[in-house]
Amino acid sequence: RGGEPLARDLAAIDHAESARRALAERAFLTRLGGDCNVPLAALGELEAEALRLRGLVIATDGSRVAAAERVAASAQAEATGVAVAEAVLPGSRVS
């Protein structure tokens, strides 16, 4: 019960579109174990009800660059982030 006022206040400032983009981007970073020492990037963009996620990872020595992009329903944000991460892992067919 103590969290109800906080939940109500947070709901008032929630921006669902930003939350979906951030969920996809974070799923990409999490799947790759990204931290401040890993050169990678993710960008989620909403286009109507579709989410476009672009991901990029660079080997720390600069010897390999892998990029991938997927478009899926925005409701599949987390799965899209994981799919893009899987596509840039070594041994994956990069698209």
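Numbering of residues starts from 1 in every chain and runs along the sequence as written. Reporting of local features is limited, given that this is a predicted model, to residues whose pLDDT is at least 70; pairs of side-chain atoms are given and counted only at 80 or more, and all residues count toward the totals for whole chains, interfaces and linings. As a convention, hydrogens and water are excluded, and side-chain values are obtained from all of the structure's heavy atoms.

Okay, the environment of Ala67 next. Each helix is a run of DSSP H or I of at least 4 residues and each strand a run of E of at least 2, with the numbering of both proceeding from the N terminus. In this fold, Ala67 is placed in strand S3 (residues 65–73). Along the primary structure Ala67 and Leu89 are separated by 22 residues, whereas in three dimensions their C-alpha atoms are 9.5 Å apart.

Read from one edge to the other, the open sheet built from 3 strands follows the order S1-S2-S3, with strand pairing classed as antiparallel. The strands lining the two open edges of the sheet, one partner per strand, are strand S1 (40–47) and S3. Shown here is a sheet whose adjacent strand axes are inclined to one another by a mean of 10°, direction ignored. Where S1 meets strand S2 (residues 50–58), 8 bridges bridge the pair, whose relative direction is antiparallel. Looking across to S2, one finds that Leu46 is bridged to Leu51. In the packing of helix H2 (residues 16–31) onto the sheet, contacts are made with S1 and S2, and the angle to S1 comes to roughly 150°. Contacts are assigned to residue pairs with any non-hydrogen atoms lying within 4.5 Å of each other. An axis is simply a line fitted to the C-alpha atoms; with a helix, the fit covers only the stretch in contact. Between two such axes, the angle follows the N-to-C directions and lies from 0 to 180 degrees. Against the sheet, helix H3 (residues 77–88) contacts S2 and S3, and its axis sits at roughly 155° relative to S3. Whether two strands pair comes down to DSSP finding at least two bridges between them.

Patch membership is restricted to residues that have no salt bridge and whose relative accessible area is over 30%. Joining uses 9 Å for like charges and 5 Å for the nonpolar side chains Val, Leu, Ile, Met, Phe, Trp and Tyr. Areas reported as accessible are Shrake-Rupley estimates using a 1.4 Å probe. Residue values count occlusion only from the protein chains shown. Definition used for salt bridges: Asp or Glu carboxyl oxygen within 4 Å of a side-chain nitrogen of Lys or Arg. On the surface, a cluster of nonpolar side chains totalling about 330 Å² of accessible area is made up of Leu6, Leu10 and Ile13. Counting through the fold element by element, Leu6 comes out in helix H1 (residues 4–13). Residue burial is assigned from relative accessible area. The probe radius is 1.4 Å, only protein chains are included, and a residue is buried under 20% of its type maximum, exposed over 50%, and partly exposed in between. Looking at Leu6, the relative accessible area reads 52%, which means it is exposed.

So far we have only geometry, and geometry alone does not tell us how the molecule works.
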